[in-house]
Amino acid sequence: MSKLYKLGVVGDPIEHSLSPFIHSRFSRETNINIEYLPFKVKQDDFAPFVSEFFKDSLSKGLNITLPHKKNASMLDGVISKEAKYINAVNTIVKDEKKIFLYSTDGVGFIDDIKNKGFMFEDNKILIIGAGGAAESILYTVAHNKPKEITLYNRTIEKAEKLCRKYSHISKTESVLDHNSPYDIVINSSSAGLTGEFRPIEELNISKSTIFYDLNYSLTETPFCKWAKGISNNVYDGIGMLVHQAAHSYNMWFGIFPDTNKVIQDIEDMRG
Ligand code: ATR
């Protein structure tokens, strides 16, 4: 039997996480022996939990999900430039002595968009929402040479603040632009999952506009339901979830697993 590596995902809630399923598929495909568990951890217990977890010499890494991504960026470790800038970490890697902190959400999102045959270069992007989920992709999107990014949020001040933070990387706006169609419309608002999502009136789109919900669920999200009424190019966040997981896996083991097979498995489960 090959060496066992201990891994897991830390969040609260964590019961419905698909990460254990995804990583068990990666493990089977790459022939690496892992134990990947979901850990439900309260906010105050987060840092002690991480420190305890890595005392075990078999512990190789962790994924971090809500509500701990910001807390994880404050852990004592070597943090990547992106994770530091966005104040969020979703992947921890341990070597002999140190822990390394990364965010693979942005690159996972971009990979999924490219995998679907689309790109950001010279495209007009609309991001709905201006919280942690928006910022988790904004750094990477802004670096992929879009024509402009509109951040559209219920609380406009939050959108304006994010626009200022990223305006040196890309052209950013906090009000809807009606002059030309948006090429990619991304929902990062948690309202997309809670069912409080309100359709945007008078949105300038074309036949080829892509709609992408960073949220996902085994049933259709309210954002996707709305978007399907106006577009044939509608996706939820399953592809991003699998791609960010693949980047984490690659950081732990130096092997990039096949994402398409796992995405297909999840699609099959959804029926
Ligand atoms: P996350 O880390 O998931 O992004 P967050 O930082 O709390 O969580 O941000 C949630 C986002 O969803 C915010 O942009 C929020 O809008 P506000 O900044 O105005 O709070 C948005 N959001 C949540 N509920 C919403 C609702 N009912 N209608 C519109 N936007 C909503």
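Residues numbered from 1 in each chain as written. Predicted model: local features only at pLDDT ≥ 70, side-chain atom pairs only at ≥ 80, totals over all residues. Heavy atoms only, no water.

Novice: Mind laying out the packing of aromatic side chains, listing which residues take part and the relevant values?
Specialist: Applying the stated criterion to the full structure yields 18 aromatic pairs. For the pair Phe 197 and Trp 226, a centre-to-centre distance of 5.4 Å together with 50° between the ring planes defines the contact as tilted. Placement of Phe 197 in the loop between α8 (191-194) and β11 (205-213) and of Trp 226 in helix α9 (residues 222-228) is noted, with a sequence separation of 29 residues between them. Aromatic ring contacts, followed pair by pair, group Tyr 5, Phe 26, Tyr 249 and Phe 253 into a single cluster. Taking NZ or CZ as reference, Lys 124 lies 4.6 Å from the ring centre of Tyr 182, over its face. (Phe/Tyr/Trp six-rings, centres within 6.5 Å; stacked < 30°, edge-to-face > 60°. Helix = DSSP H or I, 4+ residues; strand = E, 2+ residues; numbered from the N terminus. Lys NZ or Arg CZ within 6 Å of the ring centre and 35° of its normal.)

Novice: Account for the sheet that holds strand β1 (residues 4-11), with residues named and values stated.
Specialist: With respect to topology, six strands assemble into an open sheet ordered β2-β1-β3-β5-β6-β4, the strand pairing being mixed. The open sheet has two edge strands, β2 (33-40) and β4 (78-79), and neither has a second partner. Pairing geometry for β4 and strand β6 (residues 99-102), over two bridges, is parallel. Note on β6: the bridge partner recorded for Ile 79 is Leu 101. (Pairing = 2+ DSSP bridges.)

Novice: Tell me about the nonpolar core, and please be specific about residues and values.
Specialist: Core analysis: the largest hydrophobic core is formed by 27 residues, its most contacted members being Phe 109, Phe 120, Ile 127, Ile 137 and Ile 186. The set of elements that each furnish at least two residues to this core consists of α5 (105-115), β7 (124-128), α6 (132-143), β8 (148-152), α7 (156-166), β10 (182-187) and β11. A total of six residues in this core trace back to one element, the largest contributor, which is α6. Taken domain by domain, the makeup of this core includes at least three residues from each of domain 1 (5-104 + 239-270) and domain 2 (119-232). Counting 21 residues, the second-largest nonpolar core is a separate cluster that includes Leu 7, Ala 245, Trp 252 and Val 262. (Core = buried A, V, L, I, M, F, W, Y, C linked by side-chain atoms within 4.5 Å. Buried < 20%, exposed > 50% of the residue type's maximum accessible area, 1.4 Å probe, protein only. Domains from an automatic or database assignment.)

Novice: Go over the site of the ligand, please, and point to the residues and values.
Specialist: Surrounding the ligand, one finds 13 residues, the nearest of these being Ala 133, Asn 153, Thr 155, Lys 158 and Glu 196. A distance of 3.1 Å is found between an oxygen atom of the ligand and a backbone nitrogen or oxygen belonging to Ser 190. For the ligand, whose unbound accessible area comes to 640 Å², protein coverage reaches 72%. Split into classes, the residues belonging to the shell around the ligand amount to three nonpolar, seven polar and three charged. (Near = heavy atom within 4 Å. Polar contact = N/O pair within 3.5 Å; in protein donor to acceptor, adjacent residues only side chain to side chain. Areas by Shrake-Rupley, 256 points an atom, 1.4 Å probe, with all protein chains shown as cover. Nonpolar A, V, L, I, M, F, W, Y, C, P; charged D, E, K, R; others polar.)

Novice: With reference to specific residues and values, describe the UniProt feature "domain: Quinate/shikimate 5-dehydrogenase/glutamyl-tRNA reductase" (unreviewed entry) in the chain.
Specialist: Mapped onto the present numbering, the UniProt feature "domain: Quinate/shikimate 5-dehydrogenase/glutamyl-tRNA reductase" (unreviewed entry) falls on residues 119-191. Across residues 119-191 one finds 33% helix and 25% strand; the C-alpha atoms that close the span lie 26 Å apart. (UniProt positions renumbered as here; feature names shortened; annotations may be inferred.)

Novice: I'd like a rundown of the environment of Lys 116, residues and numbers included.
Specialist: With respect to the helices and strands, the residue Lys 116 is situated in the loop between α5 and β7. Linking Lys 116 and Gly 239, residues 123 residues apart in sequence, is a C-alpha distance of 9.1 Å. Discounting chain neighbours no more than four positions away, the residues touching Lys 116 are Tyr 212, Tyr 235 and Gly 239. (Contact = heavy atoms within 4.5 Å.)

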